[in-house]
Amino acid sequence: MDNLKELLAMKLPVFSQWSWMPEPASAYAGEFDSLFFFLMWTGLGLFLLVIVPMFWFMAKYRRKNENQKALTQKDHNHLAETLWTFLPMIYLAVCFVWGFLGFLNVYSIPANAKELRVIGQKWNWTIQYPEEGISVSGQGAVVGVPIDTNIRLTMSSQDVIHSFFLPNFRIKQDVLPGRYSTLWFRADKEGEFPILCTEYCGDYHSNMLAKLKVMSKDNYKAWVENLKNANNSLAPKDLGAKLYQSKACVTCHTTDGAPRIGPTFKGLYGSTTELANGSKMKVDDTFIKEHILTPTKTPIKGYPPVMPAFQGQLSEVEINGLIEFIKSFK
């Protein structure tokens, strides 16, 4: 994904003559929009209902001379007091019931929902499909889902607070380290829709982009099969190059010797690196594998310990591919 350029080319925002909201694409997005516009237009109407008469009375009954006195005084009007007491109560009750029903709809997850596990980490999303045995991750990752299917998101963070936002679906939920949060949706339109992080999570927060691809159920099955077979035909180095992009290694590691958040891959393999505790280790296959899976066990001196752990996220074939890719930059 060319980040912002491609993001804007998708369906955010969608401007039209009557609405500036992103195009609704979920079962309950339309309900949220209806409530939003009800609140906005009734709020505007109430504002004018109060402000316009106020200025009119200020002009009409302004003090015209220093000795002017009121000819009559009315301290009670039962009809007016009844109206301004009960009409706002009815209005607020309507708003509360409407909003509460929408809240229940979002947080009452259907029992038959298909589960996706979402992991937020600097600076990409990893989406695991327990039923299919696949996962996608990296900046610009494509998250496929079938249309008209209830999807449950079980989310957690590997490092700091993130926030998972699907603007076209009107859902957003903080993703926290150390606990799980949940959401659900049912896409009712095919297409590609942006996934954003709306909680500032570090230097490359703006690159934490992905897209949700809603497809027919037949196309979804084909997409899953293609994903399962995608890596089998690649040479180890090519697979490593692919993972370098999809797992967002490119965010922190260069291949040309330039410094970044993590050490460059150029000349890394076979060198001796100093750890944060002062010990020195040779960068070989074993060190690279252990550092990829559990980087906190071997923090490298001079670099912040922000690398996410990939334990349980990479197969042995994929780890070998990354090792061969790193090894190629001598």
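Predicted, not measured: the structure shown is a model, and the values here were computed from it. (Residues numbered from 1 in each chain as written. Predicted model: local features only at pLDDT ≥ 70, side-chain atom pairs only at ≥ 80, totals over all residues. Heavy atoms only, no water.)

A. Spotlight on the sheet that holds strand 1 (residues 114-121). Reading across the sheet, the 5 strands line up as 3-2-1-5-8 and stay open at both edges, with mixed pairing between neighbours. Lying at the two open borders of the sheet, with one neighbouring strand each, are strand 3 (134-137) and strand 8 (181-186). Strand-to-strand twist of the sheet, defined as the mean angle between neighbouring strand axes without regard to direction, takes the value 20°. The pairing of strand 2 (residues 124-129) with strand 3 spans 4 bridges and is classified as antiparallel. (Pairing = 2+ DSSP bridges. Helix = DSSP H or I, 4+ residues; strand = E, 2+ residues; numbered from the N terminus. Axes fitted to C-alpha atoms, helices over the stretch in contact; angles between N-to-C directions.)

B. Layout of the side chain of Thr 251. Residue position: Thr 251 is located in the loop between helix 5 (236-246) and strand 11 (272-274). Of the polar contacts made by the side chain of Thr 251, one reaches the side chain of Gln 139; its length is 2.7 Å. Ignoring sequence-local partners within four residues, the contact set of Thr 251 consists of Trp 123, Gln 139, Tyr 204 and Arg 260. (Polar contact = N/O pair within 3.5 Å; in protein donor to acceptor, adjacent residues only side chain to side chain. Contact = heavy atoms within 4.5 Å.)

C. Layout of the environment of Ile 134. Mapped onto the fold, Ile 134 is located in strand 3. Owing to a relative accessible area of 9%, Ile 134 belongs among the buried residues under this scheme. Linking Ile 134 and Gln 313, residues 179 residues apart in sequence, is a C-alpha distance of 9.7 Å. Sequence-distant contacts of Ile 134, that is, excluding residues within four places in its chain, are made with Ile 127, Gln 128, Tyr 129, Trp 223, Val 224, Leu 227 and Lys 228. (Buried < 20%, exposed > 50% of the residue type's maximum accessible area, 1.4 Å probe, protein only.)

D. Structural context of the nonpolar core. Trp 125, Tyr 129, Leu 153, Phe 164, Phe 169, Phe 185 and Leu 212 are the most contacted members of the largest nonpolar core, which has 41 residues in total. Not counting the four nearest positions on each side in its chain, Leu 212 is found in contact with Val 143, Val 145, Leu 166, Phe 169, Phe 185, Gly 191, Glu 192, Phe 193 and Ile 195. (Core = buried A, V, L, I, M, F, W, Y, C linked by side-chain atoms within 4.5 Å.)

E. Structural view of the packing of helix 2 (residues 29-60) against helix 3 (residues 78-107). Running from amino to carboxyl end, helix 2 crosses helix 3 at an angle of 160°, the nearest separation of the two axes being 11 Å. Comparing their axes, helix 3 and helix 2 come out roughly antiparallel. Pair helix 2 / helix 3 crosses with left-handed handedness. Residues Glu 31, Phe 32, Ser 34, Leu 35, Phe 38, Leu 39, Thr 42, Gly 43 and Leu 46 of helix 2 form the contact with helix 3, whose participating residues are Tyr 91, Val 94, Cys 95, Trp 98, Gly 99, Gly 102, Asn 105 and Val 106. (Parallel < 35°, antiparallel > 145°, perpendicular 65-115°, else oblique. Left-handed = near helix turned anticlockwise from the far one by under 90°.)

F. Region of the structure containing a nonpolar patch on the surface. Nonpolar side chains collect at one region of the surface, where Phe 96, Val 97, Phe 100, Leu 101, Phe 103, Leu 104 and Tyr 107 lie side by side and expose about 700 Å² of accessible area between them. For Tyr 107, the location among the structural elements is in helix 3. (Patch = residues over 30% accessible without salt bridge, like charges linked within 9 Å, V, L, I, M, F, W, Y side chains within 5 Å. Areas by Shrake-Rupley, 256 points an atom, 1.4 Å probe, with all protein chains shown as cover. Salt bridge = Lys/Arg side-chain N within 4 Å of Asp/Glu carboxyl O.)

G. Highlighting the packing of aromatic side chains. Taken as a whole, this structure holds 20 aromatic pairs when the rule is applied. Residues Trp 125 and Phe 164 carry aromatic rings whose centres are separated by 5.2 Å and whose planes lie at 80° to one another, so their mutual orientation is edge-to-face. Separated by 39 residues along the polypeptide, Trp 125 in strand 2 and Phe 164 in strand 6 (residues 162-166) bring together distant segments of the chain. By relative accessible area, which is 3% here, Phe 164 ends up buried. The residue whose ring lies beneath Lys 60 is Tyr 61, and the NZ or CZ to ring-centre distance is 5.5 Å. (Phe/Tyr/Trp six-rings, centres within 6.5 Å; stacked < 30°, edge-to-face > 60°. Lys NZ or Arg CZ within 6 Å of the ring centre and 35° of its normal.)

H. A look at the pairing of strand 4 (residues 141-146). The element strand 4 is largely enclosed, with a buried count of 5 among its 6 residues. The sheet contact formed by strand 4 and strand 10 (residues 210-215) spans 6 bridges and is parallel. Considered in strand 10, the bridge of Gly 144 is made with Lys 213.

I. Expanded view of the sheet that holds strand 7 (residues 171-175). Spatially, 5 strands are ordered 4-10-9-6-7 in an open sheet, and the strand pairing comes out mixed. Each having just a single partner strand, strand 4 and strand 7 make up the two edges of the open sheet. Adjacent strand axes in the sheet meet at a mean angle of 25° when their direction is disregarded. Where strand 6 and strand 7 come together, 5 bridges link them in antiparallel fashion. Its bridge partner lying in strand 7, Phe 165 is registered against Lys 172. Along the sheet face, helix 4 (residues 217-229) touches strand 4 and strand 10 and points at about 135° away from the line of strand 4.

J. How the structure looks around unusual backbone geometry. Between Lys 122 and Trp 123 the backbone carries a cis peptide bond, its omega angle lying at -10°. Tracing the backbone shows Trp 123 in the loop between strand 1 and strand 2. Non-glycine residue Asp 148 carries a positive phi angle of around 55°. Tracing the sequence through the fold places Asp 148 in the loop between strand 4 and strand 5 (150-157). Its identity is not glycine, yet Arg 170 carries a phi of approximately 60°, on the positive side. Here Arg 170 is to be found in the loop between strand 6 and strand 7.

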